[in-house]
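What follows is each chain in one-letter form.
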Amino acid sequence: MLSKHVIQFFRVMAGSTSTAEKRAALEKLLDENSITYEVTEHPAVFTVEEQNLHLTDVKGACCKNLFLKDKKKNLYLLSCLSNAQVNLKDISKSLGIAGILSLV
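Trainee: Could you give me a rundown of the state of the cysteines, with the residues and numbers involved?
Mentor: Enumeration according to the criterion identifies zero disulfides in this entry. C80 takes part in no disulfide bond, and the closest cysteine sulfur, belonging to C63, lies 7.8 Å away. Relative accessible area serves as the criterion here: at 16%, C80 is assigned to the buried category.

So this is what it looks like as structure tokens:
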């Protein structure tokens, strides 16, 4: 079951249009729920190796986001630790998705 914070997050993202609005809404949600966070700015990257070049001073875990779709073109966002090996077949099976998810 999704936590209330995850559900609120998706409502925030669906209701905002610009990146600045989404960021402000997300930070407001985190603040309202007393969730501590630290923002680290970096340019857009496409690999974990590129990301790591910009995060040398970050303490704690780093994550990667994988945008996925199924054969019905439903979209999914998978966030995991940056060093995690992801088996899309296993993820598809655990979510009950017919076929295998693919990267967008």
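Now that the structure has been shown, the text picks up again.
Trainee: Describe the pairing of strand β2 (residues 75-81), naming the residues involved and giving the relevant values.
Mentor: Inspection of the sheet shows strand β1 (residues 63-69) paired to β2 by seven bridges, in the antiparallel sense. Residue pairing for β2: K64 is matched across the bridge by C80. Between β1 and β2, which pair antiparallel and follow one another directly, the connecting turn spans five residues, one of which, K73, has a positive phi of 70°.

Trainee: How would you summarise the pattern of salt bridges if you had to cite specific residues and measurements?
Mentor: In total, this model carries three salt bridges according to the counting rule given. Among the salt bridges present, the one from R23 reaches E27, with a minimum N-O distance of 3.1 Å. One end of the pair, R23, and the other, E27, are both in helix α2 (residues 19-32), four residues apart, so they sit about a helical turn from each other. For R23, a relative accessible area of 37% translates into the label partly exposed. When its relative accessible area of 24% is taken as the criterion, E27 is described as partly exposed. For K28, the salt bridge is made with E32, and the minimal N-O distance between the two is 3.6 Å. Taken together, the residues K28 and E32, both in helix α2 and four residues apart, mark about one turn of the helix. Its relative accessible area of 52% is what places K28 among the exposed residues.

Trainee: Residues and numbers for the pairing of β1, please.
Mentor: Across the two faces of β1 the burial differs, with K64, L66 and L68 buried and C63, N65, F67 and K69 not buried at all. Direction of pairing for β1 relative to strand β3 (residues 102-103): antiparallel, over a ladder of two bridges. When the bridges of β3 are listed, L68 appears paired with L103.

Trainee: So, the environment of N74: which residues are in play, and what are the values?
Mentor: Along the chain, N74 falls in the loop between β1 and β2. In this structure the C-alpha to C-alpha distance between N74 and L101, which are 27 residues apart in sequence, comes to 9.5 Å. Among residues more than four places away in sequence, those in contact with N74 are L68 and K69.

Trainee: Residues and numbers for the side chain of S82, please.
Mentor: Among the structural elements, S82 can be located in the loop between β2 and α4 (88-94). By relative accessible area, which is 16% here, S82 ends up buried. In contact with S82, not counting residues within four places along its chain, are V48, Q51, C62, C63 and K64.

The rules behind these values
- Residues numbered from 1 in each chain as written.
- Predicted model: local features only at pLDDT ≥ 70, side-chain atom pairs only at ≥ 80, totals over all residues.
- Heavy atoms only, no water.
- Disulfide = S-S within 2.5 Å.
- Buried < 20%, exposed > 50% of the residue type's maximum accessible area, 1.4 Å probe, protein only.
- Pairing = 2+ DSSP bridges.
- Helix = DSSP H or I, 4+ residues; strand = E, 2+ residues; numbered from the N terminus.
- Salt bridge = Lys/Arg side-chain N within 4 Å of Asp/Glu carboxyl O.
- Contact = heavy atoms within 4.5 Å.

This is a description of form; function is not addressed.
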